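# Structural overview
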Amino acid sequence: MIIGANAVVSGHVDSDSVYAGNPAKKLMTLDEFRVKREKKQIEEAKNVVLEYKRRFNKMPPESELGEYFFLFRKDDNLSAFKEKMELMRNYNVSKKTIQTHKTRFKDYQDFLNYCLKEE
């Protein structure tokens with residue numbers, strides 16, 4: 001469950017939902033939130049790539065998109081992203097989720113091609 005900052009909760013709340021407001025109201029399910037965030041994260045990551053390209057006149061290395069690696073990275077060699085995965089102290093859960101997650105892009109180059117096509 002996700003409870004928004006400064007939300008005032010009284011009574012029962014569903015464990016698979018997102019709440020916010022005063023009084024707190026159910027905004028959506030966690031599955032709906034995940035889908036919404038994934039769409040926004042693709043746009044955010046694309047904006048990072050395009051801004052990097054504009055500023056440095058070259059495409060960013062994969063390491064510059066550390067918080068978006070799950071969009072294009074699916075393998076057991078996640079050592080470069082271990083720090084990001086440990087931030088919430090749930091590394092094993094994150095690793096399992098990533099290993100079963102279907103990436104949106106085949107690999108990093110596929111993601112870069114998407115960004116350039118959408119430019």
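Everything below is about the structure printed above this text.
Described in the following lines is the structure provided in the data block. (Residues numbered from 1 in each chain as written. Predicted model: local features only at pLDDT ≥ 70, side-chain atom pairs only at ≥ 80, totals over all residues. Heavy atoms only, no water.)

### Focus: helix 1 (residues 30–56)
Here helix 1 contains 27 residues, and its C-alpha end-to-end distance of 38 Å stays within 8% of the 39 Å for a straight helix at 1.5 Å per residue. Listed in full, the buried residues belonging to helix 1 are Gln41, Ile42, Ala45, Lys46, Val49, Leu50 and Tyr52. Positioned one or two residues after helix 1, asparagine 57 has a phi angle of 60°, which is positive. (Helix = DSSP H or I, 4+ residues; strand = E, 2+ residues; numbered from the N terminus. Expected span 1.5 Å × (residues − 1). Buried < 20%, exposed > 50% of the residue type's maximum accessible area, 1.4 Å probe, protein only.)

### Overview of the packing of aromatic side chains
Aromatic ring pairs are defined here through the distance separating the ring centres and the angle between the ring planes. Taken as a whole and judged by the stated rule, the model has seven aromatic pairs. Arranged with centres 5.1 Å apart and planes meeting at 70°, the rings of phenylalanine 105 and phenylalanine 111 form a pair that is edge-to-face. Taking relative accessible area as the criterion, phenylalanine 111 reaches 0% and is therefore assigned buried. On the numbers, 5.1 Å between centres and 50° between planes, the contact of phenylalanine 105 with tyrosine 114 is tilted. In terms of burial, phenylalanine 105 and tyrosine 114 fall into one category: buried. Taken together, the ring pairs in this structure connect Phe72, Phe105, Tyr108, Phe111 and Tyr114 into an aromatic cluster. (Phe/Tyr/Trp six-rings, centres within 6.5 Å; stacked < 30°, edge-to-face > 60°.)

### Here's the deal with the sheet that holds strand 1 (residues 2–3)
As summarised here, the arrangement of the three strands in space is 1-2-3, forming an open sheet in which the pairing is mixed. A single partner strand is all that each edge strand has here, and the edge strands are strand 1 and strand 3 (25–29). Note: strand 1 against strand 2 (residues 17–20), two bridges, orientation parallel. Across the sheet, residue isoleucine 2 finds its bridge partner in strand 2, namely valine 18. Sheet strands touched by helix 1: strand 1, strand 2 and strand 3. Its angle to strand 3, the strand with the most contacts, is close to 65°. (Pairing = 2+ DSSP bridges. Contact = heavy atoms within 4.5 Å. Axes fitted to C-alpha atoms, helices over the stretch in contact; angles between N-to-C directions.)

### With respect to the side chain of serine 17
Along the chain, the position of serine 17 falls in strand 2. When its relative accessible area of 0% is taken as the criterion, serine 17 is described as buried. One polar contact links serine 17 to aspartate 16, side chain to side chain, over a distance of 3.3 Å. Side-chain polar atoms of serine 17 contact the side chain of lysine 26, separated by 3.4 Å. If we ignore the near neighbours within four places in the chain, the residues touching serine 17 are Met1, Ile2, Lys26, Met28, Thr29 and Leu30. (Polar contact = N/O pair within 3.5 Å; in protein donor to acceptor, adjacent residues only side chain to side chain.)

### Re the pattern of salt bridges
The final tally for this structure, using the stated rule, is five salt bridges. Lysine 46 is paired through a salt bridge with glutamate 43; the nearest N and O atoms lie 3.4 Å apart. Within this pair, lysine 46 and its partner glutamate 43 are both found in helix 1, separated by three residues, close to a single helical turn. Here glutamate 51 makes a salt bridge to arginine 54, at a shortest N to O gap of 2.4 Å. Note that glutamate 51 and arginine 54 are positioned in helix 1 at a spacing of three residues, about one turn of the helix. (Salt bridge = Lys/Arg side-chain N within 4 Å of Asp/Glu carboxyl O.)

### What about a nonpolar patch on the surface?
On the surface, Met1, Ile3 and Val9 cluster together into a nonpolar patch covering about 240 Å² of accessible area. Turning to its location among the elements, methionine 1 is positioned in the segment before strand 1. (Patch = residues over 30% accessible without salt bridge, like charges linked within 9 Å, V, L, I, M, F, W, Y side chains within 5 Å. Areas by Shrake-Rupley, 256 points an atom, 1.4 Å probe, with all protein chains shown as cover.)

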